[in-house]
Amino acid sequence: MKILITGGAGYIGSHTIIELSKIPGFEIISADNFINSTPETFSRIKKITGREIKNYPVDLTDFNAAKLIFSENPDLAGIIHFAALKAVGESVKNPVLYFRNNLNSLVNLLGLSSEKKINYFIFSSSCTVYGNIRNLPVSETTPLLKTESPYGFTKLAGERLIEDFCLSNPLFNAIVLRYFNPVGAHISGTIGELPINAPNNLVPIITQTAAGIQKKMFVHGTDYPTRDGTCIRDYVHVSDIAKAHVLALQHLIENNGNANFEIFNLGKGLGVSVLEVIAAFEKISGMKLNYEIGPRRAGDVDAIYSDSSKAEKILGWKPLAGLEEMMGSAWKWQKVLSGI
Ligand code: UD1
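Residues numbered from 1 in each chain as written. Predicted model: local features only at pLDDT ≥ 70, side-chain atom pairs only at ≥ 80, totals over all residues. Heavy atoms only, no water.

Caption draft 1: Up close: the packing of aromatic side chains. Within the structure shown, the criterion is met by 6 aromatic pairs. Between F34 and F42, the aromatic rings sit 6.3 Å apart at their centres with planes inclined by 75 degrees, giving edge-to-face as the arrangement. Note on F99 and F153: the rings are 5.7 Å apart at their centroids and 20 degrees apart in plane angle, and the pair reads as stacked. Of this pair, F99 sits in helix 5 (residues 95–116) while F153 sits in helix 6 (residues 150–168), placing them 54 residues apart in sequence. A relative accessible area of 32% means that F99 is categorised as partly exposed. (Phe/Tyr/Trp six-rings, centres within 6.5 Å; stacked < 30°, edge-to-face > 60°. Helix = DSSP H or I, 4+ residues; strand = E, 2+ residues; numbered from the N terminus. Buried < 20%, exposed > 50% of the residue type's maximum accessible area, 1.4 Å probe, protein only.)

See the structure below:
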């Protein structure tokens, strides 16, 4: 069965290719235009899996370019759609860029899925769709509050579009996966997060600071109503997230025709503060991280963590890696990148 992974050279996309490659019967192609990734990732994937992945370096917002992938692969059966922009701050500065990129690509993929009768679709969404929620943990039935950023709104709008598309097309089967905070790197140290520009997310900022790429880092706010005043998030290992995509795809295929639109939270279910993440890093690395307390970052929610029991019950998904393993693998990968 041939599956298109969009954003195959990206962080979660590349780890998903590795996990899906372990399952017999799937052929994988990718569409990644490398705006936030590098072609070298495919050589790294080959080192781990032995597989050469055919990649289309196209911009999926360009309908004709996207269409070419579908005409060259008439046997395409499903799509896992990762390709998107995801920097919250950048989206606040440039909402048009986010709406254009994240929504036009989705519109094109759904239009082409309908034309080419492709019936399996998995969408990367985010816990950001819950907004600044007070009732924790959040489950899929928790009512959504206002999204805090244009990025978050593109995910919410994407979910809604897919839901409406499923209603209009009962043969189409889709799963939306709401990620909490994916971190860490593949156990081999051969692949991991590869920020092209300065990273925005906590864990790559920690590892880059420890590696001396950044002189110091800031903890964004210590006046939140949390146990140590810093924000609480639900960190989950990227390979656990990747495995959830394989389970979701298998569920779609086996469940064909039943509930054709489903949403799953993917988090570990544990709230961890920024200072606790730093402490875990310092413990596994034996280093003292050079950080200072800074002001709050715009758009941050105080605390969020997941009730992922639906994914466990229906998909059989159980995230295994703990915080130290997440930080250890992220650090191992950073050392490979930095030649330390
Ligand atoms: C947010 C979204 C997440 C989305 C991700 C994409 C929410 C709740 N989460 O993640 O769904 O997929 O963006 O990028 O909206 N921090 C520091 N110093 C730093 C960097 C970060 O203290 O230098 C803190 C942040 O203030 C935050 C925590 O670390 O409290 C995690 O930040 P980050 O890794 O950027 O992820 P989220 O903002 O939670």
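Caption draft 2: Molecular detail of the domain arrangement of the protein. Its domain assignment divides the protein into domain 1 (2–184 + 235–266) and domain 2 (202–232 + 269–334). The C-alpha-based centres of domain 1 and domain 2 are spaced at 24 Å. Opposite the 31 residues of domain 1 that make contact, domain 2 presents 30 residues. Summing both sides of the interface, domain 1 and domain 2 together bury roughly 2600 Å²; the carbon and sulfur share of this comes to 68%. Linking domain 1 with domain 2 are 2 salt bridges. Across the pair R134 and D302 runs a salt bridge whose closest N-O atoms are separated by 2.8 Å. Top element by residues in the side of domain 1 that touches domain 2 is helix 8 (residues 238–254). It accounts for 7 residues. Split into classes, the residues belonging to the side of domain 1 that touches domain 2 amount to 17 nonpolar, 7 polar and 7 charged. (Domains from an automatic or database assignment. Contact = heavy atoms within 4.5 Å. Buried area = accessible area lost by both parts, 1.4 Å probe. Salt bridge = Lys/Arg side-chain N within 4 Å of Asp/Glu carboxyl O. Nonpolar A, V, L, I, M, F, W, Y, C, P; charged D, E, K, R; others polar.)

Caption draft 3: Inspection of the nonpolar core at higher detail. Counting 56 residues, the largest nonpolar core has I5, L20, L177, I206, L266 and V277 as the members making the most contacts within it. Residue contributions to this core peak at 7 residues, all from helix 8. Counting only domains with at least three residues in this core, you end up with domain 1 (2–184 + 235–266) and domain 2 (202–232 + 269–334). With residues up to four places along the chain from it excluded, the contact list for I5 reads G13, T16, I17, L20, I28, I29, S30, A31, I80 and F82. Listed in part, the 27 residues of the second largest apolar core include Y56, F70, L106 and I263. (Core = buried A, V, L, I, M, F, W, Y, C linked by side-chain atoms within 4.5 Å.)

Caption draft 4: Here's a closer look at empty space enclosed by the protein. For the structure shown, the criterion picks out 2 cavities of 30 Å³ or more. Of the voids in this model, the largest cavity is the one considered here, and its volume is about 100 Å³. Every residue lining the largest cavity is listed: Y11, G184, E193, P195, V203, P204, T207, Q208, A330, W333, Q334 and L337. Those elements that place two or more of their residues in the lining of the largest cavity are helix 7 (202–210) and helix 11 (323–338). (1 Å grid on protein atoms, 1.4 Å probe; cavity = no way out; pocket = protein on both sides within 12 Å on 5 of 7 lines; lining within 4 Å. Points joined across faces, edges and corners; volume = space filled by probe spheres on them.)

Caption draft 5: Structural view of helix 7. In terms of burial, helix 7 is largely enclosed, as 9 of its 9 residues are buried. Taken residue by residue, helix 7 has L202, V203, P204, I205, I206, T207, Q208, T209 and A210 as its buried positions. Residues of helix 7 that are buried make contact with strand 7 (181–183), strand 8 (217–220), strand 10 (235–237), helix 9 (274–285) and helix 11. Once helix 7 ends, the next one or two residues include G212, with phi positive near 85 degrees.

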